[in-house]
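# Chain and residue survey
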Amino acid sequence: MSRAVVFAYHNVGVRCLKALIGRGVEVALVVTHQDNPNENIWFGSVAQTARDYGIPVITPDDPNAPEVVEQVQACQADFVFSFYYRHMLKAPLLEAARRGAYNMHGSLLPKYRGRVPINWAIIHGETETGATLHQMNVKPDNGPIVDQMAVPILPDDSADEVFAKVTLAAEMVLWRSLPGLIAGSAPHIQQDLSLGAYFGGRKPEDGRIDAQAGAAQLHNFVRALTRPFPGAFTDTAAGRLLLWKTLRAGFAEPAARAELYAVDGQLWLRCSDGGRLMVREAELEGLPLTADNFAGRVGTDALTL
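A short tour of the structure in this document, coming up.

Reading the values: rules and limits
Sequence positions are assigned chain by chain, starting from 1 and proceeding in written order. Local features in this predicted model are restricted to residues whose pLDDT is 70 or higher, and side-chain atom pairs enter the listing and the counts only when it is 80 or higher, whereas totals over whole chains, interfaces and linings include all residues. The basis for the side-chain values is all heavy atoms of the structure; hydrogens and waters are excluded. Among buried residues, those of type Ala, Val, Leu, Ile, Met, Phe, Trp, Tyr and Cys that are joined through side-chain atoms within 4.5 Å constitute a nonpolar core. We call a residue buried when its accessible area falls under 20% of the maximum for its residue type, exposed when it is over 50%, and partly exposed in between, using a 1.4 Å probe and counting protein chains only. Segments assigned H or I by DSSP are reported as helices when at least four residues long, segments assigned E as strands when at least two residues long, and all are numbered from the N terminus. Two residues qualify as a contact provided that any one of their heavy atoms is within 4.5 Å of a heavy atom in the partner residue. Working convention: axes come from line fits to C-alpha atoms, limited for helices to the stretch in contact. Angles between N-to-C directions cover 0 to 180 degrees. Should an angle fall under 35 degrees it is called roughly parallel, over 145 degrees roughly antiparallel, and 65 to 115 degrees roughly perpendicular, with every other angle called oblique. Handedness of a crossing follows from how the near helix is turned relative to the far one, being left-handed for an anticlockwise turn of less than a right angle and right-handed for a clockwise one. Regarding the arc, it is the one traced by the directions from the helix axis to the C-beta atoms. Paired strands, in this sense, are two strands between which DSSP finds at least two bridges. Within this document, salt bridges are pairs made up of a side-chain nitrogen of Lys or Arg and a carboxyl oxygen of Asp or Glu, the two lying within 4 Å of each other.

This paragraph deals with the nonpolar core. Counting residues in hydrophobic clusters, the biggest one holds 71 residues, and the most contacted among them are Phe81, Phe83, Met104, Leu174, Leu260 and Leu269. When residues in this core are grouped by element, the largest group, ten residues, is from helix H6 (residues 159–183). When neighbours within four sequence positions are excluded, Leu260 is seen to be in contact with Leu241, Leu267, Trp268, Leu269, Val279, Leu289, Phe294, Asp301, Ala302, Leu303 and Leu305. Within the second largest apolar cluster, 21 residues are counted, among which are Val5, Val69, Cys75 and Met136.

Here you go:
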């Protein structure tokens, strides 16, 4: 039986941990994160999953601390796996596994290396993304690829909808890769890093809307950041506006800056390139903004973003 130490978090962590168990891998230790009380925890618990299966679990602030490295080394694992774990694992941890350390990344590497790859892919209007299992080294997301699977990004998919697809793809990639990894026959294909780029993490403030962006760009931005993420926002004369859901809906007169208005019981956003968005859900100063209450809340015919 192969033995593994698993660093994991989020839904991908839960499903991939279960895939390991389903393939008969002995998981000697799970390393995960303490949930942040200031974060919207909308995803499954790796810690609870480990406890359900009687697997020892720890939640260190620094996984590379000497005492954690010693605990991992003591497991004498064949493999170290990282499934959506949020910290980089340094060389002593990577070298603690006899047969290699592997990471599951939420993009089609070498594209979108780094943080929050699903959100970045939607922001940039990609029509597909996926999950990639690759060997880890000391640099992020650039080790040889074992396997990957693509999933579509439909024109109106939100980030959580795409995340659900990527989670399933991650489970399937790991499930079909494990026999080869265990047998020592899995492919390891070097990445051509020139075909992709590295992207950093995102903060709530990065959700500020560019009011001079075109309709497609604004639509992608909104759906990449909508719930359960903090949302796309802008500060207007009437207060802070959040856009939670939009649909592309033809053309209107171009506006120097995007303008929100209400017509025939519907909110619309007229954009700088002449494109128009139907606004299906919006919020102004923390309260729902609709076509019915638009005039009373805003006090004008149109609200400039």
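Having seen the model, we can carry on.
A few words now on the packing of helix H1 (residues 10–22) against H6. Working note: a packed helix pair is described by the angle between its axes plus the distance between those axes. Axis separation between H1 and H6 bottoms out at 9 Å; the angle between their running directions is 25°. As the angle between them shows, H1 and H6 are arranged roughly parallel. You can see that H1 and H6 cross each other, and the crossing is right-handed. Between H1 and H6, the residues in contact are His10, Asn11, Val12, Arg15, Cys16, Ala19, Leu20 and Gly22 and Phe163, Thr167, Ala170, Glu171, Leu174, Trp175 and Leu178, respectively.

This brings us to helix H3 (residues 66–74). Within the span of H3, buried status applies to Val68, Val69 and Val72. Angular distribution of buried residues about the axis of H3 spans 100°; they occupy a single face of the element. Residues of H3 that are exposed and point over 90 degrees away from its buried face: Pro66, Glu67, Glu70 and Ala74. Residues of H3 that are buried in the fold lie against strand E1 (3–8), strand E2 (26–31), strand E3 (57–58), strand E4 (79–83) and helix H4 (91–94). Looking one or two residues beyond H3, the residue adopting positive phi is Gln76, at roughly 50°.

Right, let's get into the sheet that holds strand E8 (residues 145–152). With mixed pairing, seven strands are arranged side by side in an open sheet as E3-E2-E1-E4-E5-E7-E8. In this open sheet, the two strands that pair with only one neighbour each are E3 and E8. In terms of strand pairing, strand E5 (residues 101–105) meets strand E7 (residues 128–135) through four bridges, oriented antiparallel. Bridge pairing in E7 places Tyr102 opposite Gln135. Across the face of the sheet, H1 comes into contact with E1, E2, E4 and E5 while running at roughly 150° to E4.

Taking burial as the measure, the five residues of strand E13 (residues 266–270) include five buried ones, the bulk of the element. Alternating residues of E13 divide into Gln266, Trp268 and Arg270 and Leu267 and Leu269, and every residue in both groups is buried. Across five bridges, strand E12 (residues 259–263) lies against E13 in antiparallel orientation. Paired with Leu260 across the strands is Leu269, a residue of E13. Hairpin connection of E12 to E13: two residues between the antiparallel strands, including Asp264 at a positive phi of 55°.

Most of helix H7 (residues 215–225) sits inside the fold, with nine of its eleven residues counted as buried. Taken residue by residue, H7 has Ala215, Leu218, His219, Asn220, Phe221, Val222, Arg223, Ala224 and Leu225 as its buried positions. In this structure, the buried residues of H7 make contact with helix H5 (117–123), H6, strand E10 (232–236), strand E11 (239–251), E13 and strand E14 (275–284).

Opposite charge on two side chains permits pairing when their charged atoms draw close. Applying the stated rule across the entire model yields 13 salt bridges. Between Asp235 and Arg208 there is a salt bridge, with its nearest N and O atoms 3.1 Å apart. With a gap of 27 residues between them, Asp235 in strand E10 and Arg208 in the loop between strand E9 (198–199) and H7 connect regions that are remote in the sequence. Assessed through its relative accessible area of 39%, Asp235 is described here as partly exposed. Taken together, the shared-partner salt bridges in this structure form one network comprising Glu205, Arg208, Asp235 and Arg240.

It is worth spelling out unusual backbone geometry at this point. Keep in mind that most residues, glycine aside, have a negative phi and that most peptide bonds are trans. In this model, Leu109 is joined to Pro110 through a cis peptide bond whose omega is 10°. Mapped onto the elements, Pro110 comes out in the loop between E5 and strand E6 (113–114). Going from Arg227 to Pro228, the amide bond is cis rather than trans, its omega being 15°. Mapped onto the secondary structure, Pro228 falls in the loop between H7 and E10. Residue Tyr112 is not a glycine yet carries a positive backbone phi of 55°. Mapped onto the elements, Tyr112 comes out in the loop between E5 and E6. Although it is not a glycine, Val116 adopts a positive phi angle of roughly 30°. Topologically, Val116 is positioned in the loop between E6 and H5.

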